[in-house]
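# Observations on the three-dimensional arrangement
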Amino acid sequence: MTCIIVDDEPLAVRLLESFVEKTPDLELLSSYTDSVEAAAAIKEGRAQLLFLDIQMPDLDGMELARIVPPQTRIIFTTAFKEYAFESYEVFALDFLLKPIRYSKFLAAVEKARQWFGTAPSALHPSPSTPSPTSVFIRVDGELRQLPIEQIVCVSGMKDYVMFYIEGERRPLITHMTMKAVEEMLPSDRFMRVSRSHIVALEHIRKVDRNDCIYLDGESQRQGVTDADLVIHVTEAYLPAFRAYLAQRMK
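Residues numbered from 1 in each chain as written. Predicted model: local features only at pLDDT ≥ 70, side-chain atom pairs only at ≥ 80, totals over all residues. Heavy atoms only, no water.

This next bit is on the sheet that holds strand β5 (residues 94-97). Across the sheet, 5 strands lie side by side as β2-β1-β3-β4-β5; this open sheet has parallel pairing. The sheet is open, and its two edges are formed by β2 (27-32) and β5, each paired on a single side. This sheet shows a mean twist of 20° between the axes of neighbouring strands, independent of strand direction. In the sheet, strand β1 (residues 2-6) pairs with β2 via 5 bridges, with the strands oriented parallel. Across the sheet, I4 pairs through a bridge with S30, a residue of β2. (Pairing = 2+ DSSP bridges. Helix = DSSP H or I, 4+ residues; strand = E, 2+ residues; numbered from the N terminus. Axes fitted to C-alpha atoms, helices over the stretch in contact; angles between N-to-C directions.)

Given below as structure tokens:
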């Protein structure tokens, strides 16, 4: 994917340049600290991906976002989380809060790959491990194989997590951390929406105006309560979740 970086802070530009350099299948076309100069390059539409700061002199990131061609996707980079909702309005793909960690940068790039359909395996065919269709967890001393498509959500409580599964009357409890679960589940089908919850995107039934996710009722008919199926997206995870929603509304 081709990309452009726009940020009025030279140090921030250099950091992003270093991230791009070590990320496979990402090509940097140009970097700008002058937003007016960047505007002309953005209008050309040669970049598939735009890493864009928000608070800048002359033209700010939101103003630039409104001249971005439809074939270019925006990933905002800013130190001000209050801009998260505005980024949702201009259909930004993701929202990276400074200081930006490489792991967060990679996650945003992966969203872009999914958007453009340019996963590394598609660009460079080679033997690779296919996306898993199931995972194993240890429950009551036994290994249980869980089909990915039947996992509705995962809830954390200290060093234990609860897997809510279609057709199961009670959640399955295992000794794991939420971080381990997040790394185990495929990122294109699951999203962490709070410190204590990971949801299966295909099981989301609706999202209300208070950023509460309502999961489908299959588990409820098997004995899970309403409260287990309504999960509030917390502030730290809102930008990524809203970017996902914006992508699906296009």
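The rest of the description comes next.
Before going further, it helps to spend a moment on the packing of aromatic side chains. Going through the model one piece at a time under the given rule, you end up with 5 aromatic pairs. Taking 5.2 Å as the distance between ring centres and 50° as the angle between the ring planes, the aromatic pair formed by F19 and F105 counts as tilted. Remark: F105 occurs in helix α5 (residues 102-116) and F19 occurs in helix α1 (residues 10-21); sequence separation between them is 86 residues. F105 matches F19 in its accessibility class, with the two residues each being buried. Overall, the relative accessible area of 0% leaves F105 in the buried class. Grouped by ring-pair contacts, the aromatic residues F19, F51, Y102 and F105 constitute a single cluster. When the ring centre of Y214 is taken as origin, the NZ or CZ atom of K206, which lies over that ring, is 4.6 Å away. (Phe/Tyr/Trp six-rings, centres within 6.5 Å; stacked < 30°, edge-to-face > 60°. Buried < 20%, exposed > 50% of the residue type's maximum accessible area, 1.4 Å probe, protein only. Lys NZ or Arg CZ within 6 Å of the ring centre and 35° of its normal.)

With respect to the helices, strands and loops of the structure, S194 is situated in strand β11 (residues 190-194). For the pair S194 and G156, spaced 38 residues apart in sequence, the C-alpha separation works out to 9.8 Å. Ignoring any residue separated from it by four or fewer positions in sequence, one finds S194 in contact with H232, T234 and Y237. In terms of polar contacts, S194 uses its side chain to reach the backbone amide nitrogen of H197, at 3.1 Å. (Contact = heavy atoms within 4.5 Å. Polar contact = N/O pair within 3.5 Å; in protein donor to acceptor, adjacent residues only side chain to side chain.)

This brings us to the side chain of T77. Within the secondary structure, T77 is located in strand β4 (residues 73-78). Judged by relative accessible area, which is 0%, T77 ranks as buried. Each residue touching T77, except ones within four places of it in the same chain, is listed here: D7, L16, L52, D53, I54, L96, K98 and I100.

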